[in-house]
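Residues per chain are reported as follows:
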Amino acid sequence: MIAAARTILARDLRIVLRRPGDAATALLFFVIVASLFPLGVGAEPNLLRAVAPGVIWVAALLASMLSLARLFAADHADGTLEQLLLGSAPLGVVSAAKVLAHWLVSGLPLVAIAPLIALQYDLAPELYGTLALSLLLGTPVLGFIGAIGAALTLGLRGAGVLLALLVLPLYVPVLILGAGSVEMVSAGLAPDGQLLLLAALLVVSAAFAPWAIAAALRISTE
Amino acid sequence: MLEASDLHCRRGTRTLYSGLSFALGAGELLRVAGENGSGKTTLLKILCGLLDPDAGEVRWRGEPIRRLREEFHRQLVFLGHAPAVKDELTAAENLAIACTLAGRPASMQDVREALARYGLREDSAPVRRLSQGQRRRAALARLMLSADAPLWLLDEPFAALDAAAARLTEELIARHVAVGGAVAYTTHQEANIDAASQRVLELA
């Protein structure tokens with residue numbers, strides 16, 4: 001079981017290393033969207049500081065959704081998904097390994113680059129830590145929830161749009177907690193409540209989402 | 001070993017088959033025949049549990065495969081229509097991964113030998129650069145490392161293969177049946193497999 005999970009993780013990471021373009025797209029999307037706002041709303045520092053947490057979080061959310069559609073689509077197209085479904089390890093474990101690999105290449109870079117984006121918004125340096133931590137806790141939750149949607153819409157026509165409609169409403173609590181935690185710090189309060197709730201969401205989604213993903217994969221490959 | 005009872009399968013409004021029952025025992029070879037669209041692939045997918053029949057049940061050693069799931073998967077090799085290899089990885093990486101996921105890890109040495117038997121010696125090229133037939137060989141090489149899986153379900157194993165590779169595949173199937181394995185396969189080509197007990201299941 002552990003061997004299967006490790007194999008999937010190593011396999012997906014190796015595929016991304018040999019075709020880095022796919023992972024770079026999501027990161028570039030994040031950078032561009034987050035950079036468009038200061039250009040659009042103008043260079044008023046107070047305004048930028050006020051919108052920064054929300055804008056960065058929304059950009060991260062859209063970027064992580066962008067790469068979701070490919071999470072299972074490639075495996076579905078070349079037949080390897082059938083082999084995963086018929087594997088000797090429980091499908092939930094395999095799904096969790098796939099989501100983890102996906103987060104390592106599409107979520108973790110967002111966390112790393114977010115402080116750099118925050119510079120454009122003149123965000124106070126003491127907020128960087130909270131911003132990065134909230135993204136670190138929140139983006140895996142987005143991955144787990146999104147993977148359920150990706151599995152459900154697998155092989156459908158117009159899967160991308162359907163996936164967005166299905167998944168974005170479910171992202172709302174993560175967005176509120178994530179952006180809220182940064183706003184708490186900027187208001188001089190402790191962000192512990194929001195961060196703990198995000199951590200709780202992460203634990204719950206990591207425990208239950210893999211089995212929902214597995215069930216969804218079985219339904220959509222029928 | 002494998003028993004299908006009263007399978008009923010519909011695709012859209014068309015009934016592919018109903019009341020289909022058969023058993024596949026140790027050392028038996030079953031060829032699923034029928035014209036295009038008669039449901040051969042669907043039947044193999046039902047047998048391995050990828051699809052649910054509309055009615056009826058598939059049992060493995062008396063237990064429904066729905067209930068066994070991973071336990072059944074460990075005793076099964078299913079090779080579908082698509083070669084199930086990742087374009088970005090080499091044939092050897094693909095084969096090693098497939099074996100590990102099937103719960104039958106193989107050493108790199110064995111993997112290389114299996115691929116060499118199927119005429120794939122070049123190590124470093126990703127599968128993307130291989131031809132359709134070579135991909136097929138890369139997928140079939142898994143059979144060389146799956147002798148201890150009692151049940152093989154093969155969908156069109158001879159498609160896109162040249163004569164030598166087809167011959168080797170026939171030999172592998174024959175050897176598996178001879179040592180007590182069970183094989184069900186579909187094919188359009190004339191296959192000449194040397195097995196004591198072979199049957200043809202004709203889907204109308």
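Residues numbered from 1 in each chain as written. Chains lettered and ligands numbered in written order. Predicted model: local features only at pLDDT ≥ 70, side-chain atom pairs only at ≥ 80, totals over all residues. Heavy atoms only, no water.

Draft legend 1. Up close: the layout of surface pockets. The computed volume of the largest pocket comes to approximately 530 Å³. Here the second largest pocket defines a volume of roughly 160 Å³. Forming the boundary of the second largest pocket are 14 residues, of which Arg218 of chain A together with Gly49, Leu50, Arg66 and Arg69 of chain B lie nearest the centre. Put simply, the parts of the chain that give the lining of the second largest pocket at least two residues each are helix H2 (65–68) and helix H3 (70–73) of chain B. A class-by-class count of the residues in the lining of the second largest pocket yields six nonpolar, three polar and five charged. (1 Å grid on protein atoms, 1.4 Å probe; cavity = no way out; pocket = protein on both sides within 12 Å on 5 of 7 lines; lining within 4 Å. Points joined across faces, edges and corners; volume = space filled by probe spheres on them. Helix = DSSP H or I, 4+ residues; strand = E, 2+ residues; numbered from the N terminus. Nonpolar A, V, L, I, M, F, W, Y, C, P; charged D, E, K, R; others polar.)

Draft legend 2. A look at the packing of aromatic side chains. All names here are of chain B. Taken as a whole and assessed by the stated rule, the structure comprises two aromatic pairs over all chains. Ring centres of Trp60 and Phe72 lie 5.6 Å apart, and the angle between their planes is 55 degrees; on these two criteria the pair is classed as tilted. Here Phe72 lies in helix H3 and Trp60 lies in strand E4 (residues 55–60), a separation of 12 residues in the sequence. Each member of the pair, Trp60 as well as Phe72, is classed as buried. For the ring pair Phe158 and Tyr185, a centre distance of 6.2 Å and an interplane angle of 90 degrees mean the geometry is edge-to-face. Residue Phe158 is located in the loop between strand E7 (151–155) and helix H7 (163–178), and its partner Tyr185 is located in strand E8 (residues 182–186); the two are separated by 27 residues in the primary sequence. Classification of Tyr185 as buried rests on a relative accessible area of 2%. (Phe/Tyr/Trp six-rings, centres within 6.5 Å; stacked < 30°, edge-to-face > 60°. Buried < 20%, exposed > 50% of the residue type's maximum accessible area, 1.4 Å probe, protein only.)

Draft legend 3. Main features of the nonpolar core. Of all hydrophobic cores here, the largest spans 101 residues; its most connected members are Phe72, Leu131 and Leu217 of chain A together with Leu43, Leu47, Leu151 and Leu153 of chain B. A per-element tally of this core places helix H8 (residues 128–152) of chain A first, with 12 residues. Core analysis: the second largest hydrophobic core is formed by 38 residues, Val85, Ala96, Leu161 and Val177 of chain B among them. (Core = buried A, V, L, I, M, F, W, Y, C linked by side-chain atoms within 4.5 Å.)

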